[in-house]
Amino acid sequence: MNVLNFVQAFFSDGAHWHGYDGIPTRFAEHVGYSLEALVFAAVIALPVGLLTGHFGRGGNALALIATAGRALPSFGLLVLMFIWIGLGLLPVMIPLVLLAVPPILVTTYEAIRSVDPSPVDAARGMGMSEARVLFQVEVPVALPLILSGLRTAAIQIVSTATIAAYVSLGGLGRYIMDGLYQRNYEKVVGGATLVAGLALVTLAVFWAVSRLAVSPGVRRSG
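Being a predicted model, the structure only gives us computed values, none of them experimental.

Participant: I keep staring at the side chain of threonine 108 and nothing clicks. Help me out?
Facilitator: Relative to the helices and strands, threonine 108 is located in helix 5 (residues 90-113). Only 2.6 Å separates the side chain of threonine 108 from the backbone oxygen of isoleucine 104, close enough to count as a polar contact. Ignoring anything within four residues of it in the chain, the contact list for threonine 108 reads Leu46, Gly49, Leu50 and Ile146.

Participant: Explain the pattern of salt bridges here, please?
Facilitator: Opposite charge on two side chains allows them to pair when their charged atoms are near. One pass over the full model with this rule turns up 5 salt bridges. Linking arginine 26 and glutamate 29 is a salt bridge whose minimum nitrogen-to-oxygen distance equals 3.0 Å. In this pair, arginine 26 and glutamate 29 both sit in helix 2 (residues 23-55), 3 residues apart, roughly one turn of the helix. The exposure class of arginine 26 is buried, given its relative accessible area of 7%. With a shortest N-O distance of 3.1 Å, aspartate 178 and arginine 174 are connected by a salt bridge. You can see aspartate 178 and its partner arginine 174 sitting in helix 8 (residues 173-182), 4 residues apart, about one turn around the helix. In this pair, the class of aspartate 178 matches that of arginine 174, namely buried. Members of the salt-bridge network, linked through shared partners, are Asp21, Arg26, Glu29 and Lys187.

Participant: What should I look at first to understand empty space enclosed by the protein in this one?
Facilitator: To locate leftover empty space, one rolls a probe as large as a water molecule over the atoms. If you walk through the whole model with that rule in mind, you get 1 cavity of 30 Å³ or more. A volume near 40 Å³ is recorded for the largest cavity. Considering the residues around the largest cavity, the lining is formed by Gly69, Leu72, Ser74, Leu77, Pro95, Leu98 and Leu99. Secondary-structure elements contributing two or more residues to the lining of the largest cavity are helix 4 (74-85) and helix 5. The greatest single-element share of the lining of the largest cavity, amounting to 3 residues, is contributed by helix 5. For the lining of the largest cavity, the residue count by class is 5 nonpolar, 2 polar and no charged.

Participant: Even after reading the chapter, I still don't get the packing of helix 2 against helix 7 (residues 130-160), so can you show me in this structure?
Facilitator: Taken N-terminus to C-terminus, the directions of helix 2 and helix 7 make an angle of 145 degrees; their axes are 9 Å apart at the nearest point. For helix 2 against helix 7, the interelement crossing comes out right-handed. Along the contact surface, helix 2 presents His30, Ser34, Ala37, Leu38, Ala42, Leu46, Leu50, His54 and Phe55, while helix 7 presents Glu130, Val133, Leu134, Phe135, Glu138, Val139, Ile146, Leu150, Ala153, Ala154, Ile157 and Val158. Considered class by class, the residues forming the contact of helix 2 with helix 7 number 16 nonpolar, 3 polar and 2 charged.

Participant: I would appreciate a short explanation of the environment of leucine 203 in the present structure.
Facilitator: With respect to the helices and strands, the residue leucine 203 is situated in helix 9 (residues 185-213). As for leucine 203 and serine 148, which are separated by 55 residues in sequence, their C-alpha atoms are 9.9 Å apart. Contact partners of leucine 203, with chain neighbours within four places excluded, come to Arg151 and Ile155.

Participant: Would you mind going over the packing of aromatic side chains with me for this structure?
Facilitator: Here the distance between the centres and the angle between the planes together describe a pair of aromatic rings. Taken as a whole and assessed by the stated rule, the structure comprises 3 aromatic pairs. Here phenylalanine 10 and phenylalanine 11 contribute two aromatic rings whose centre-to-centre distance is 5.1 Å and whose plane-to-plane angle is 90 degrees, an arrangement assigned as edge-to-face. Summarising the aromatic geometry, the rings of phenylalanine 10 and tyrosine 175 are spaced 5.3 Å apart at their centres and angled 80 degrees between planes, so their arrangement reads as edge-to-face. A residue pair is termed long-range when its members are at least 10 positions apart, and phenylalanine 10 in helix 1 (residues 3-12) and tyrosine 175 in helix 8 qualify at 165 residues.

Quick notes on the rules
Residues numbered from 1 in each chain as written. Predicted model: local features only at pLDDT ≥ 70, side-chain atom pairs only at ≥ 80, totals over all residues. Heavy atoms only, no water. Helix = DSSP H or I, 4+ residues; strand = E, 2+ residues; numbered from the N terminus. Polar contact = N/O pair within 3.5 Å; in protein donor to acceptor, adjacent residues only side chain to side chain. Contact = heavy atoms within 4.5 Å. Salt bridge = Lys/Arg side-chain N within 4 Å of Asp/Glu carboxyl O. Buried < 20%, exposed > 50% of the residue type's maximum accessible area, 1.4 Å probe, protein only. 1 Å grid on protein atoms, 1.4 Å probe; cavity = no way out; pocket = protein on both sides within 12 Å on 5 of 7 lines; lining within 4 Å. Points joined across faces, edges and corners; volume = space filled by probe spheres on them. Nonpolar A, V, L, I, M, F, W, Y, C, P; charged D, E, K, R; others polar. Axes fitted to C-alpha atoms, helices over the stretch in contact; angles between N-to-C directions. Left-handed = near helix turned anticlockwise from the far one by under 90°. Phe/Tyr/Trp six-rings, centres within 6.5 Å; stacked < 30°, edge-to-face > 60°.

Shown next, in the form of C-alpha cells:
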C-alpha cells in the first residue's frame, strides 16, 4: 500500500471516529497541550521581548538564550523531566515551552527594535509615558512581526507535542506511537497526516488573526 491508501484506510475506518481513542478526542487533547504550552511561552517571552526591545538593551543575551533554547533536544529533555518529575503533563510542558520561548522572544525584540524611531521620539516629545509609547506607538507597528514569532512557536509546538505519547499521555502522537508498536502503518500515517493538518489549520488561524488585529495601513506598509 502507498501513503494515500494508508490515509484513506485510516480515515474511512469508523472505529477511529469515536471513543477515547477517536480522532475528535485525540485532536482535542493535542490542541489542548499545544495551546497551554503556547500560552505559557507567550507569558514568559512577550514581556521580556517587549521591554528589552523598547529600551534597546539585552539583545546579545537574548541571542544567546535563543541559541541555547534551539540547541536543546526536546525528546531528550522530555526523558530527563520524566525521570526527574515522573508521569504527568509537566514533563511534557517544560520542553514544549522551552522550544517556543526563543522564537517569540527574539522576534518580539527585533519587531520593537525595527519600529521607525521618528514617531517614537514624537510620542515622547508629546509627554507620553514609556508604557504608552510602547503599547500605543511601537506595538501596533511591530504587531505583524510579533505575530509571526507566535506563529512560528505555535507550529513548532504542534509538530513536537506528539512527544506527549511517549509518557503515556494522549494527543495525535498516540496514533504514531501505538502504530509503530503495533506495526499498524495506517495509524502511523494517519497520525502524521493529522499533525500536518493541524499545523496548516494553525497557519490559517494566525493569518486570520493577523487580518483582524493588524491595521490595514501597517499591512500595506509591510
